[in-house]
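# Structural features, examined
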Amino acid sequence: MADSTCCVTSPRKRLMIFSGRSNPALAAKIADKLDVQLGSIELKTFSNGEIYARFEENVRGSDMFIVQSPCDSINDELMELLIMIQAAQLASAKRITAVMPYYPYSRQDKKSAAREPISARLVATLLEASKVDRVLSMDLHQGQIQGFFEIPVDHMTAVPMLADYFRYKDFGGTPLVAVSADAGGVKLAKRFINRIPGCDLAVLTKMRPDHNVAQTMHFIGDVRDKIAIIVDDIIDTAGSITSAIETLYDNGAKEVYVTATHGIFSGPAFDRIGSSGVKEVVVTDTVHVEAAGCDKVKVLSVADILARTIRNVFEDESVSEIFAGDNQLF
Ligand code: R5P
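Residues numbered from 1 in each chain as written. Predicted model: local features only at pLDDT ≥ 70, side-chain atom pairs only at ≥ 80, totals over all residues. Heavy atoms only, no water.

### Brief notes about the pairing of strand 4 (residues 63-67)
Summarising burial for strand 4: 5 of the 5 residues are buried, a large majority. Residues of strand 4 alternate between two faces, with Asp63, Phe65 and Val67 on one and Met64 and Ile66 on the opposite face, all of them buried. Bridge count for strand 1 (residues 15-19) against strand 4 is 5 bridges, and the pairing is parallel. Considered in strand 4, the bridge of Ile17 is made with Phe65. Handedness of the crossover joining strand 4 and strand 5 (residues 95-100) through helix 2 (residues 74-90): right-handed. (Buried < 20%, exposed > 50% of the residue type's maximum accessible area, 1.4 Å probe, protein only. Helix = DSSP H or I, 4+ residues; strand = E, 2+ residues; numbered from the N terminus. Pairing = 2+ DSSP bridges. Right-handed = clockwise from strand over helix to strand, strands pointing away.)

### Structural notes on the packing of helix 4 (residues 159-167) against helix 5 (residues 186-193)
At a minimum axis separation of 8 Å, helix 4 and helix 5 run at an interaxial angle of 55°. Overall, the two elements helix 4 and helix 5 adopt an arrangement that is oblique. Where helix 4 crosses over helix 5, the two elements pack in a sense that is right-handed. Taken together, the residues of helix 5 that come into contact with helix 4 (itself represented by Val159, Leu162, Ala163 and Phe166) are Leu188, Arg191 and Phe192. Its residues placed into classes, the contact of helix 4 with helix 5 shows 6 nonpolar, no polar and 1 charged. (Axes fitted to C-alpha atoms, helices over the stretch in contact; angles between N-to-C directions. Parallel < 35°, antiparallel > 145°, perpendicular 65-115°, else oblique. Left-handed = near helix turned anticlockwise from the far one by under 90°. Contact = heavy atoms within 4.5 Å. Nonpolar A, V, L, I, M, F, W, Y, C, P; charged D, E, K, R; others polar.)

### Considerations on the side chain of Ser69
Mapped onto the elements, Ser69 comes out in the loop between strand 4 and helix 2. Of the polar contacts made by the side chain of Ser69, one reaches the backbone oxygen of Thr286; its length is 2.7 Å. (Polar contact = N/O pair within 3.5 Å; in protein donor to acceptor, adjacent residues only side chain to side chain.)

### A few points about the domain arrangement of the protein chain
For interface size, the figure often reported is the accessible area lost on association. One can read the domain layout of the protein chain as domain 1 (15-157 + 304-323) and domain 2 (159-300). Distance between the C-alpha centres of domain 1 and domain 2: 28 Å. Between domain 1 and domain 2, the buried area comes to about 1,400 Å², and carbon and sulfur atoms account for 54% of it. Of all residues in domain 1, Tyr102, Arg107 and Asp139 bury the most surface against domain 2, accounting for 34% of the area lost on that side. Viewed at the interface, domain 2 and domain 1 are joined by 2 salt bridges. Notably, a salt bridge pairs Asp236 with Arg107, separated by 2.9 Å at the nearest N-O pair. (Domains from an automatic or database assignment. Buried area = accessible area lost by both parts, 1.4 Å probe. Salt bridge = Lys/Arg side-chain N within 4 Å of Asp/Glu carboxyl O.)

Below, the structure written as structure tokens:
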């Protein structure tokens, strides 16, 4: 007969969400949707720039999700995430997931010239060194970033949400054409048109004579008298899109819209968008966007997608089912 004193029942799993300082509004929305309180953590920066983190409640045994999208102060926010992960690990959290809707340094994912680093890979190495258990990220710039990790990386996409926004917008019956902002983005644009019946596809190619400088070189497709929607993963200085917007109007587009998952909007971005002929720029809140900076910018929230993904990871359910299998990397 079994000795009941030998049985050890495992405690219930405990989901905890903490936010770094990069995008607390998004973290709060996620916690709200999951019906949990954001965990309490003290974060501060000493006068010499050192970052300090201390969990203000017990995290032992927890399934912890840390929301941080390093972007505005990218290096400090990345370091803050690493420090939070280490503090959680030393405080005996059972599993630590870095929720990084925007993956910092994602555009440095290969050597494009001699003697360059592969910084996206270095970020992966740093995360693993901090002892994170898994990473959640969204619309990664390139699929190979997932392969930089030995730990699981769950990939989410905002493209269906962005496509649905345009699918249900009233364009008065004018035909739509999605335009890939560069040759590398064709598969992303294809994922976008798959959600919009009758939407055509066109492609631009671009050249970068220098960092942060973009020139549209070629245009393939037909946008005449159509609503053209430029689809990209990132808008940073808005150089790529403003050059593309001009090309599309030169080729007879009736109206031009832009959509991208990550709206970084650094430097001259809002001025460029404001003075361009674009009708609307639709991005998400993967990074904190000061949308008041430009009235042409609309921000949709990915909080629901992230909350459902976190829920499924916590409950050991499928993540790809949330996206009907259409979240795989290219
Ligand atoms: C580049 O390959 C990306 O997909 C974006 O097109 C690029 O990062 C946008 O940068 P910017 O807005 O500064 O032209």
